Amino acid sequence: MDVPVWMWVATVGVIVAMLAFDFVGHVRTPHAPTLKEASWWSAGYVGIAILFGIGIWAYFGSVYGGEYFAGYITEKSLSVDNLFVFVLIMTSFRVPRLYQQKVLLIGITIALVLRTIFIFLGAALIENFSWVFYIFGAFLIYTAYAQIKSARSHEEEEYKENAVLRLTRRIFPTTDAYVEDKMFTTISGKRYITPMLIVMIAIGSADLLFAVDSIPAIFGLTQETFLVFAANAFSLLGLRQLYFLIDGLLDRLVYLAWGLAAILGFIGIKLLIHAMHTNEIPFINGGEHITFVPEISTAVSLGFIVVTLAITTVASLAKDRSDRRRLEKETY
């Protein structure tokens, strides 16, 4: 896939413009978005991502178009799982709903920058060391197992600060209370950071941890750096609106972890098969390629992801409806 320089520049320009528009148009004046507002803007961001994919399909062909859509859908579904943690962070830090948009947008911007670095590092590894597919595949299968374990656990989740946040608090003096939506404030001539900055770092660093799962997953669907970058960027850009749109629906998606586990496990197997086809490790089959198992096509991958997410969503909502009816009967 030979991506011209102008396409890279145009794509990055669109992403920066979308971020700037969000900062100026939505975050500058603090407000809690209505369901209608979140719905329209979420649909708009998804529409832009789809139009971009159609452009890829028309310019580069159906194979790369399919890879982009498979990657975008996977990243979007993993982002929904991330929202569970975002809710925990917002609750733990008691962020006023009025300021949650700003927290999310800046946290997502931090995550986008850090993910871009991860993507180019991953692309360099893949280009120079084909054996990394074995590691990515095994890691995704392990992650799928971890997802299943989390799905079986009924313990109440509680957010715990990571090392980045603990180090930030140790180095910088921090106020106990929010100072409107300011990240810094001055008290008696001394400079302090506020919980607003701390929670932004929490969102950004939490999403960076999620990238450890999602970056190998999308490289299992496409090895084109441009498509990996674009799919990640567009899935992250709509995350703020999606948070407010499905905030009240997250608890109803009870089978989401199972669906994501199936997708991650599937991509992990796909990566292992690809690693076998590109095998160069001397102690595995004498360094020769292993091709007795055919590679999984992009069309099959895309179909599996879409069908799995559809089944997961329908089953989750059906169970939630059944549980509510049973609760109503028990109440009356």
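Regarding its fold elements, the chain presents eleven helices and two strands. Listing each helix as α and each strand as β along the chain from the N terminus yields α-α-α-α-α-α-β-β-α-α-α-α-α. Relative to its length of 332 residues, the chain is compact, with a C-alpha radius of gyration of 21 Å against a globular reference of 20 Å. Its C-alpha atoms put the chain at 70 × 60 × 40 Å along the principal axes. Looking at the chain as a whole, 48% of its 332 residues are labelled buried. Long-range pairs, those at least 24 residues apart, make up 78% of the contacts in the chain between residues at least 6 apart in sequence.

Here we take up the pattern of salt bridges. Counted under the stated rule, the structure contains one salt bridge. Between E75 and R115 there is a salt bridge, with the nearest N and O atoms lying 3.2 Å from each other. Of the two residues, E75 is situated in helix α3 (residues 62–92) and R115 in helix α4 (residues 100–128); the sequence distance between them amounts to 40 residues.

Moving on: a nonpolar patch on the surface. A cluster of nonpolar side chains, contributed by V113, I117, F118, L121 and V212, occupies part of the molecular surface with about 420 Å² of accessible area. Broken down by element, the nonpolar patch gets its largest block of residues, four residues, from α4. Its location among the elements puts V113 in helix α4.

Glancing now at the packing of α4 against helix α8 (residues 225–237). For any two helices packed against each other, one specifies the crossing angle of their axes together with the interaxial distance. Contact geometry for α4 and α8: axes closest at 10 Å, N-to-C directions at 165°. Here α4 is positioned roughly antiparallel relative to α8, judged by the angle of their axes. Regarding α4 and α8, the two cross each other, and that crossing is right-handed. Taking contact as the criterion, the partners of I108, A111, L112, R115, T116, I119, F120 and A123 in α4 are, on α8, T225, V228, F229, N232, A233 and L236. Residues belonging to the contact of α4 with α8 are distributed by class as follows: ten nonpolar, three polar and one charged.

A word on the environment of L167. Among the secondary structure elements, L167 is positioned in helix α6 (residues 163–171). For L167, a relative accessible area of 43% puts it in the partly exposed group. Sequence separation between L167 and A275 is 108 residues, and the spatial gap between their C-alpha atoms is 39 Å.

Using the criterion set out here, one finds 14 aromatic pairs in the structure. In this structure an aromatic cluster arises from ring pairing among W8, F52, W57, Y68, F69, Y72, F120, F226, F229 and F234.

Topologically, P195 is positioned in helix α7 (residues 195–219). For the pair P195 and G53, spaced 142 residues apart in the sequence, the C-alpha separation amounts to 38 Å. Leaving out residues up to four positions away in the same chain, P195 has contacts with T174, T175, D176, A177 and Y178.

What follows deals with the confidence of the model for the chain. Here the chain shows a mean pLDDT of 81. Residues at 70 or above account for 91%. By mean pLDDT, the top-scoring element of the chain is α8 (90), and the lowest-scoring one is α6 (74).

With that out of the way, let us pick up helix α10 (residues 256–277). An α-helical turn contains 3.6 residues, so a residue and the one three or four places further along point in the same direction. With 22 residues, α10 should cover 32 Å at 1.5 Å per step; its first-to-last C-alpha distance of 32 Å lies within 8% of that length. Taken across its 22 residues, α10 has 18 buried, putting it largely inside the fold.

The subject of this paragraph is the pairing of strand β2 (residues 190–193). With four bridges connecting them, strand β1 (residues 184–187) and β2 associate as antiparallel partners. Following the sheet pairing, F184 is matched in β2 by I193. What sits between β1 and β2 in their antiparallel hairpin is a turn of two residues, with S188 showing a positive phi close to 55°.

This part takes up the side chain of S316. Tracing the backbone shows S316 in helix α11 (residues 298–331). Among the residues examined, S316 registers a relative accessible area of 0% and is labelled buried. Within the structure, S316 has its side chain in polar contact with the backbone nitrogen of Y255 (distance 3.0 Å). With near-sequence residues (within four places) excluded, S316 lies in contact with R252, L253, V254, Y255 and L256.

Bringing unusual backbone geometry into the picture now. Positive phi outside glycine occurs at S188, with the angle close to 55°. Mapping S188 onto the fold places it in the loop between β1 and β2.

Counting 88 residues, the largest nonpolar core has Y68 and F234 as its most contacted members. Among the elements that make up this core, the one with the highest residue count is α7 (15 residues). Non-local contacts of Y68, meaning those with residues more than four positions away in its chain, are made with A49, F52, G53, L227, A230, A231 and F234.

The rules behind these values
Residues numbered from 1 in each chain as written. Predicted model: local features only at pLDDT ≥ 70, side-chain atom pairs only at ≥ 80, totals over all residues. Heavy atoms only, no water. Helix = DSSP H or I, 4+ residues; strand = E, 2+ residues; numbered from the N terminus. Rg over C-alpha atoms; globule rule 2.2 N^0.38 Å. Buried < 20%, exposed > 50% of the residue type's maximum accessible area, 1.4 Å probe, protein only. Contact = heavy atoms within 4.5 Å. Salt bridge = Lys/Arg side-chain N within 4 Å of Asp/Glu carboxyl O. Patch = residues over 30% accessible without salt bridge, like charges linked within 9 Å, V, L, I, M, F, W, Y side chains within 5 Å. Areas by Shrake-Rupley, 256 points an atom, 1.4 Å probe, with all protein chains shown as cover. Axes fitted to C-alpha atoms, helices over the stretch in contact; angles between N-to-C directions. Parallel < 35°, antiparallel > 145°, perpendicular 65-115°, else oblique. Left-handed = near helix turned anticlockwise from the far one by under 90°. Nonpolar A, V, L, I, M, F, W, Y, C, P; charged D, E, K, R; others polar. Phe/Tyr/Trp six-rings, centres within 6.5 Å; stacked < 30°, edge-to-face > 60°. pLDDT = per-residue confidence, 0-100. Expected span 1.5 Å × (residues − 1). Pairing = 2+ DSSP bridges. Polar contact = N/O pair within 3.5 Å; in protein donor to acceptor, adjacent residues only side chain to side chain. Core = buried A, V, L, I, M, F, W, Y, C linked by side-chain atoms within 4.5 Å.

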